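# Tertiary structure, described
Residue-level listing of the chains:
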Amino acid sequence: MPGIFRDRTKLSPRYVPEELPHRQQQIQQIVHVFSEAATDPDRFPLTILQVVGNAGIGKSTTVIKSAKALEDRFAQNHLALKTAYINLKLQGGNKFAIYRFLLERLAPDLPSQGLSAEEMLRYLLRYLRDNKQYALIIMDEIDYLIKTSKDSSIIYDLTRLNEFEPDKPCNIKGVIFICRSTDFYSRLDPAELSTLGRVPMEFQPYSLEQVSDILSSRCKQAFNSRAIGSDVIDQVARITISPQVNGDVRYALDLLLYAGNLAESQGTEHVTLDQVRKVHGQTSPSITTEEIEQLSRNQLVSLVAVVRALKSRKKQYVELKDIRLHAAELAEQLGIKKMEVEDHLDELKVRKLIEVRSFKEIGLHGAALSELEPILMNKVKQG
Ligand SMILES: Nc1ncnc2c1ncn2[C@@H]1O[C@H](COP(=O)(O)OP(=O)(O)OP(=O)(O)O)[C@@H](O)[C@H]1O
Ligand SMILES: [Mg+2]
């Protein structure tokens, strides 16, 4: 009997699918914006593009695919275009660290030590020009960076790269900013807002039929054909467009993965509707495996401390001092250094994992999050 999975890694958040059904139009649009750069790059001006839309609806994947297509176009014309993709939620750090990362990606043989932030960009531009290379920068989750740091000058810098040496062509042809919403505009100053441009490209959530299509195409790669039926796919698609999940395809892929694992361990021939229901009841759309992986150890410990404090108090909200107590206990249990939970609560709040009304009222963002304690603890122990 063939197993449930053909290749379960095809459901992983790190896998970039070959096919992107229902985002072809967006890919074309993005490629179109930069298409003339591939024919006459030196006359093509620095172009800023913003992509906005809800969580898990294919923004990052679409932009990455578009960049790949543009690289191919440049290559066809015997030109070199390199893409620097930065996820600011993962990368973190200040402007300095972000520019250093840019340099590593785009000009690996250029030393960045001892340079100021401005010098790094200046040298990068010169390097690209000297080496006849062009670049595209993708700044993913820019809203996260602006919400967590006080310094928004990165937007100012990157949208004015052409002004560093105004009389010379700027070899960075495009900067694409990706965000979930434009709420962060309120934290920008007028100069930043003006060069950013106020007209983002908006990605609409997928419809029920579209989600079904997308999941079918992902399942073909991940599951053995008899292991998953269209009834299960339709069920997961319906869950995906429910207000609770709000169209997040990432959650749908997780659900399929966990349901497949459950089918395997229960020894059924295929994934059943019951297994999907069971997994959906236990997991929480408010946190996905990808998000868990993105958390630092201290953030994980803080989150578990919140969960435990809530459980022991049997209340919807607890006070900071309760959480501190549980964090200290956890640190001891794990044999790690004691930490200041309040340093991490802010991040957890921005990630919408916890709700902080005041220091006396701290709760979880999604009720089902409390079910996740074993998964979180596992991750903490893995280090
Ligand atoms: N049209 C599609 N076809 C196949 N897979 C898709 C499609 N759209 C999204 N996905 C998958 O869904 C997951 C989420 O997509 P992606 O990471 O691009 O979302 P996002 O809009 O950037 O979300 P976020 O705002 O959370 O960063 C990825 O694993 C991606 O491969
Ligand atoms: Mg994304």
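Residues numbered from 1 in each chain as written. Chains lettered and ligands numbered in written order. Predicted model: local features only at pLDDT ≥ 70, side-chain atom pairs only at ≥ 80, totals over all residues.

### A word on the overall build of the protein
A count of helical and extended segments in the protein gives 17 helices and seven strands. For 383 residues, the compact-globule estimate of 2.2 N^0.38 gives 21 Å, and the protein sits close to it at 23 Å. Judged by the C-alpha coordinates and their principal axes, the protein covers about 65 × 50 × 35 Å. (Helix = DSSP H or I, 4+ residues; strand = E, 2+ residues; numbered from the N terminus. Rg over C-alpha atoms; globule rule 2.2 N^0.38 Å.)

### A word on the site of ligand 1
In the vicinity of ligand 1, 20 residues are found, and the nearest of them are Gly58, Lys59, Ser60, Thr61 and Val249. Listed by contribution, the elements that provide at least two residues to the shell around ligand 1 are helix H2 (59–76), helix H9 (208–222) and helix H11 (249–266). By residue class, the composition of the shell around ligand 1 is nine nonpolar, six polar and five charged. (Near = placed C-beta within 6 Å. Nonpolar A, V, L, I, M, F, W, Y, C, P; charged D, E, K, R; others polar.)

### Focus on the domain arrangement of the protein
On domain assignment, one finds that the protein holds domain 1 (24–202), domain 2 (206–283) and domain 3 (290–382). For domain 2 versus domain 3, the separation of C-alpha centres amounts to 29 Å. (Domains from an automatic or database assignment.)

### Focus: H11
Counted at 1.5 Å a residue, the expected span for H11 with its 18 residues is 26 Å, and the 25 Å between its end C-alpha atoms agrees. Buried within H11 we find Val249, Tyr251, Ala252, Leu253, Asp254, Leu255, Leu256, Leu257, Ala259, Gly260 and Ala263. The elements touched by buried residues of H11 are H9, helix H10 (230–241), helix H12 (273–282) and helix H13 (289–294). Just downstream of H11, Gly267 is the residue with a positive phi angle, here 70 degrees. (Expected span 1.5 Å × (residues − 1). Buried ≥ 20, exposed ≤ 12 C-beta atoms within 10 Å, placed from the backbone. Contact = placed C-beta atoms within 7 Å.)

### Some words on the sheet that holds strand E4 (residues 172–179)
With parallel pairing, five strands are arranged side by side in an open sheet as E2-E3-E4-E1-E5. Sheet topology places strand E2 (80–87) and strand E5 (201–202) at the edges, where each strand pairs with a single neighbour. Across the sheet, H2 is in contact with strand E1 (47–52), E2, strand E3 (133–140) and E4; its angle to E2 comes to roughly 165 degrees. (Pairing = 2+ DSSP bridges. Axes fitted to C-alpha atoms, helices over the stretch in contact; angles between N-to-C directions.)

### With respect to helix H4 (residues 95–106)
The terminal C-alpha atoms of H4, which comprises twelve residues, lie 16 Å apart, in line with the 16 Å expected from a rise of 1.5 Å per residue. Those residues of H4 that sit buried are Ile98, Tyr99, Leu102, Leu103 and Leu106. For H4, the arc enclosing every buried residue in end-on projection is 140 degrees, short of the 170-degree limit, so these residues lie on one face. In this structure, H4 carries Ala97 and Glu104 as exposed residues pointing more than 90 degrees from its buried face. On its buried face, H4 sits against E2, helix H3 (88–91), helix H5 (117–130), E3 and helix H7 (153–159). (Arc of directions from axis to C-beta.)

### Considering the nonpolar core
With 47 residues, the main nonpolar core has Leu124, Ala135, Ile137, Ile138 and Ile178 as its most contacted residues. When neighbours within four sequence positions are excluded, Ile178 is seen to be in contact with Val51, Lys59, Ser60, Val63, Ile138, Met139, Asp140, Glu141 and Ile142. (Core = buried A, V, L, I, M, F, W, Y, C linked by C-beta atoms within 7 Å.)

### Points about the environment of Gly53
Tracing the backbone through its elements, the reader meets Gly53 in the loop between E1 and H2. Note on Gly53: 21 C-beta atoms within 10 Å, which makes it buried. In the structure, Gly53 is positioned 127 residues away from Arg180 in sequence and 4.8 Å away in space, judged by C-alpha atoms. Residues in contact with Gly53, not counting those within four places in the same chain, are Lys59, Arg180, Glu202 and Phe203.

### Brief notes about unusual backbone geometry
If you check the backbone angles, His22 has positive phi at about 70 degrees while not being a glycine. With respect to the secondary-structure elements, His22 resides in the segment before helix H1 (24–34). For Asn246, which is not glycine, the phi dihedral falls at a positive 60 degrees. Topologically, Asn246 is positioned in the loop between H10 and H11.

### With respect to the packing of helix H14 (residues 297–313) against helix H17 (residues 373–382)
Where H14 contacts H17, the axes come no closer than 10 Å and their chain directions differ by 150 degrees. Classified by the angle between their axes, H14 and H17 sit roughly antiparallel to one another. The crossing of H14 and H17 is left-handed. Residue-level inspection shows Arg297, Leu300, Val301, Leu303, Val304 and Val307 of H14 in contact with H17, the latter providing Glu373, Leu376, Met377, Lys379 and Val380. Its residues assigned to classes, the contact of H14 with H17 comprises eight nonpolar, no polar and three charged. (Parallel < 35°, antiparallel > 145°, perpendicular 65-115°, else oblique. Left-handed = near helix turned anticlockwise from the far one by under 90°.)

### Some thoughts on the packing of H10 against H12
Contact pair H10 / H12: the axes reach a minimum separation of 9 Å and the direction vectors enclose 25 degrees. Judged by the inter-axis angle, H10 sits roughly parallel to H12. Taken as a pair, H10 and H12 cross one another with a handedness that is right-handed. Facing H10, whose interface residues are Asp231, Val232, Gln235, Val236 and Ile239, H12 presents Leu273, Val276 and His280. Considering only residue class, the contact of H10 with H12 consists of five nonpolar, two polar and one charged.

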